[in-house]
Each structure stands twice: as C-alpha cells, then as structure tokens.
Amino acid sequence: MQYSEKVMDHFENPRNVGVLEDANAVGEVGNPRCGDIMKITMRIDEDTNVIEDINFQTFGCGAAIAVSSVLTEMVKGKTVEDALKVDNKAVVEELGGLPNVKVHCSVLGEEGIAAAAKQFYEQHPEKTPPEGL
Ligand code: FES
C-alpha cells in the first residue's frame, strides 16, 4: 500500500510542531516496538477543559509524524473528554489509511494525548477524570 496524499502532506508539512511554553498538560510516550518517542504539550482552559492549543514533538517514523500532526488538528478546540475519544482508528481514517505494518505507529498519538490529559487531571484533583484514564 502506498501512503495517501494526506499522509505525505502531514509528513512533509507537519502542523503544530514544537513545545508550548505555557502548557498545563505534558505527556511523553514511547513505542516499545521501535523506540520512537512523542511529546505532547497542551494548553487547556481550566474552567471548560477545552484544548486551546496543542503542540507535538515526535522523534519517529514518517507515519508517526503524520499521525501526530493530524491528531493535533483533530483535537484542538475539543474538550479533553472528547479528545480522548479520538482513537487511533479515527486518525488512520482521517489520514486515508496507513499500511498495515504502520498501524502500530498510530497508537502513539492517542497514548500521547492520554498521558498529557492524565497529568492535567493529576494537577486538578477537584475534576473527575473521564473513565479509563
Ligand atoms: Fe516507530 Fe512508526 S516505526 S512509530
């Protein structure tokens, strides 16, 4: 299977790359299968839980970079609760598919969001984290 045009676009021109300086949620995850790592920083509105901004840094394969990039676009403006519902299948679909051997790379994205969200809820014990976090 070839990479879709959308995968190539997000790989060549990744959106929301970097580290947000005023982030209040940070998550770092690694893929045990290949050793690639991804860091997610988010600025979340502390009243509404809406993700106002999100950046990523991925040291990994092209598929992981495309996944991170499209995922940041998909979750920006959503509440943390809704962002956590965007799973790797939704991301792969949004990208127009990924070769089977690369599907494991898409899991890194949802794990990165979950890790950052977890940190946000740990800092806000007054808020109830969504189930499964
Ligand atoms: Fe490591 Fe794709 S090969 S995330």
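Calculation rules
- Throughout this description, residue numbers start from 1 for each chain and increase along the sequence as written.
- Whole-chain, interface and lining totals are the exception, using all residues; otherwise, since this is a predicted model, local features are given only for residues with pLDDT of at least 70 and side-chain atom pairs are given and counted only at 80 or more.
- The basis for every side-chain value is the complete set of non-hydrogen atoms in the structure, without hydrogens or water.
- Here, strands pair whenever DSSP counts at least two bridges between them.
- Numbering of helices and strands starts at the N terminus; helices are DSSP runs of H or I of at least 4 residues and strands are runs of E of at least 2.
- Structural elements are reduced to axes, namely lines fitted to C-alpha atoms, with helices fitted over the stretch in contact, and the angle between N-to-C directions of any two is expressed from 0 to 180 degrees.
- When checking whether two residues touch, look at their non-hydrogen atoms; a contact exists if any pair is within 4.5 Å.

Participant: Just checking my understanding: could you explain the sheet that holds strand S1 (residues 25-30) for this structure?
Facilitator: The pairing of strands in a sheet comes from backbone hydrogen bonds and takes either a parallel or an antiparallel form. Taken in spatial order, the three strands make up an open sheet running S1-S2-S3, and their pairing is antiparallel. One side of each edge strand has no neighbouring strand; the edge strands of this open sheet are S1 and strand S3 (51-59). Strand-to-strand twist in this sheet, taken as the mean axis angle between neighbours without regard to direction, amounts to 15°. In terms of strand pairing, S1 meets strand S2 (residues 37-44) through six bridges, oriented antiparallel. Its bridge partner lying in S2, Val 26 is registered against Thr 41. Helix-sheet contacts for helix H2 (residues 62-75) involve S2 and S3, and the interaxial angle to S3 is about 175°. Lying on the sheet, helix H5 (residues 103-123) is in contact with S1, S2 and S3; it crosses S1 at an angle near 140°.

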